[in-house]
Amino acid sequence: MSENQELNLVVLLGSLRKQSFHAAVAKSLQSVAPANTNITLLGSVGDIPHYNADVQADGFPAPVLEMAGAIKSADGVIVVTPEYNYSVPGVLKNALDWLSRLPDTPFAGKPVSLISGSPGPIAGARAQYHLRQIMVFLDALVFTKPEVMIGGINTKVDTEAGSITDEQTKAFINGHLTAFGSFVRRVSL
Ligand SMILES: Cc1cc2nc3c(=O)[nH]c(=O)nc-3n(C[C@H](O)[C@H](O)[C@H](O)COP(=O)(O)O)c2cc1C
């Protein structure tokens, strides 16, 4: 893939909260992205039922298939998530568990960027490292540097507008997405 080729990225959000700080970040990504980058949100992980092998035996639920299709046709995935009890929120893990059971898992060989945050100073770092570990078994290609961990996220976004208000955070995410874009173009066949 050439360096200026247009990229289509999708965003997987790990919060269901209406006033979610991470939802504001997720919605703002297109506005802070570099040129030639289209970013769209995937369906809500809240639409996916609890994983149950008996349900799987009757057929994968439609929201799982829809999400898998969108991930497959995207050039890369950006996961934006809070940290729950030092790890990944259950709703996000549940979605990943479903997606991992598909015979043709959509994460295999897929470039993935991780963005975490927290009102606290550790900025979701522990969740992000657990997520990185989970992604290993999904055969995803997880991008590393520069890492985005947004501490004090509650002071840096406008949840009504769905935007990032902190200029430094916007610039840092732009740098991350620029480097992620180069990574995607480099690893994509
Ligand atoms: C069940 C639960 C566990 C949490 N655990 C952590 C944690 O381990 N580390 C942390 O920084 N924040 C933790 N928080 C606080 C979240 O960072 C905070 O609620 C944040 O606003 C969630 O993101 P959202 O606004 O996008 O929904 C926890 C919140 C909940 C509800």
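Residues numbered from 1 in each chain as written. Predicted model: local features only at pLDDT ≥ 70, side-chain atom pairs only at ≥ 80, totals over all residues. Heavy atoms only, no water.

Before going further, it helps to examine the overall build of the protein. Secondary structure summary: the protein contains six helices and eight strands in total. The linear arrangement of helices and strands in the protein, starting from the amino end, is β-α-β-α-α-β-α-β-α-β-β-β-β-α. The C-alpha radius of gyration of the protein comes to 16 Å, within 12% of the 16 Å expected for a compact globule of 189 residues. If you line up the protein on its principal axes, its C-alpha atoms span 50 × 40 × 25 Å. The buried share of the protein, reckoned over its 189 residues, is 49%. Pairs at least 24 residues apart make up 81% of the contacts formed inside the protein by residues separated by at least 6 positions. (Helix = DSSP H or I, 4+ residues; strand = E, 2+ residues; numbered from the N terminus. Rg over C-alpha atoms; globule rule 2.2 N^0.38 Å. Buried < 20%, exposed > 50% of the residue type's maximum accessible area, 1.4 Å probe, protein only. Contact = heavy atoms within 4.5 Å.)

Counted under the stated rule, the structure contains four salt bridges. Note that Lys72 and Asp104 form a salt bridge whose closest N and O atoms lie 2.8 Å from each other. Taken together, the residues Lys72 in helix H3 (residues 62–73) and Asp104 in the loop between helix H4 (90–100) and strand S4 (111–118) connect sequence positions 32 residues apart. For Lys72, a relative accessible area of 39% gives the class partly exposed. The residue Asp97 makes a salt bridge to Lys93 at a minimum N-O spacing of 3.0 Å. Here Asp97 and its partner Lys93 are both found in helix H4, four residues apart, which amounts to about one turn of the helix. On the basis of relative accessible area, Asp97 is assigned to the partly exposed category, the value being 26%. (Salt bridge = Lys/Arg side-chain N within 4 Å of Asp/Glu carboxyl O.)

Another point: the packing of H4 against helix H5 (residues 125–137). Contact pair H4 / H5: the axes reach a minimum separation of 11 Å and the direction vectors enclose 10°. As judged from the angle between their axes, H4 and H5 are roughly parallel. Contacts from Leu92, Lys93 and Leu96 of H4 reach H5 at Leu131, Ile134 and Met135. Here the residues of the contact of H4 with H5 sort into five nonpolar, no polar and one charged. (Axes fitted to C-alpha atoms, helices over the stretch in contact; angles between N-to-C directions. Parallel < 35°, antiparallel > 145°, perpendicular 65-115°, else oblique. Nonpolar A, V, L, I, M, F, W, Y, C, P; charged D, E, K, R; others polar.)

Our focus in this paragraph is unusual backbone geometry. Following Lys145, the chain continues into Pro146 via a peptide bond in cis, with omega recorded as 0°. One can find Pro146 in the loop between strand S5 (141–142) and strand S6 (148–151). In this model, Asn36 sits at a positive phi of 65°, which is unusual for a non-glycine residue. With respect to the element layout, Asn36 can be found in the loop between helix H1 (21–32) and strand S2 (37–41). Relative accessible area serves as the criterion here: at 34%, Asn36 is assigned to the partly exposed category. Backbone geometry places Asn85, a non-glycine residue, at a positive phi of 50°. Considering the arrangement of structural elements, one finds Asn85 in the loop between strand S3 (76–82) and H4. You can call Asn85 exposed: its relative accessible area is 79%.

Read these as layout, nothing more, since geometry by itself doesn't imply function.
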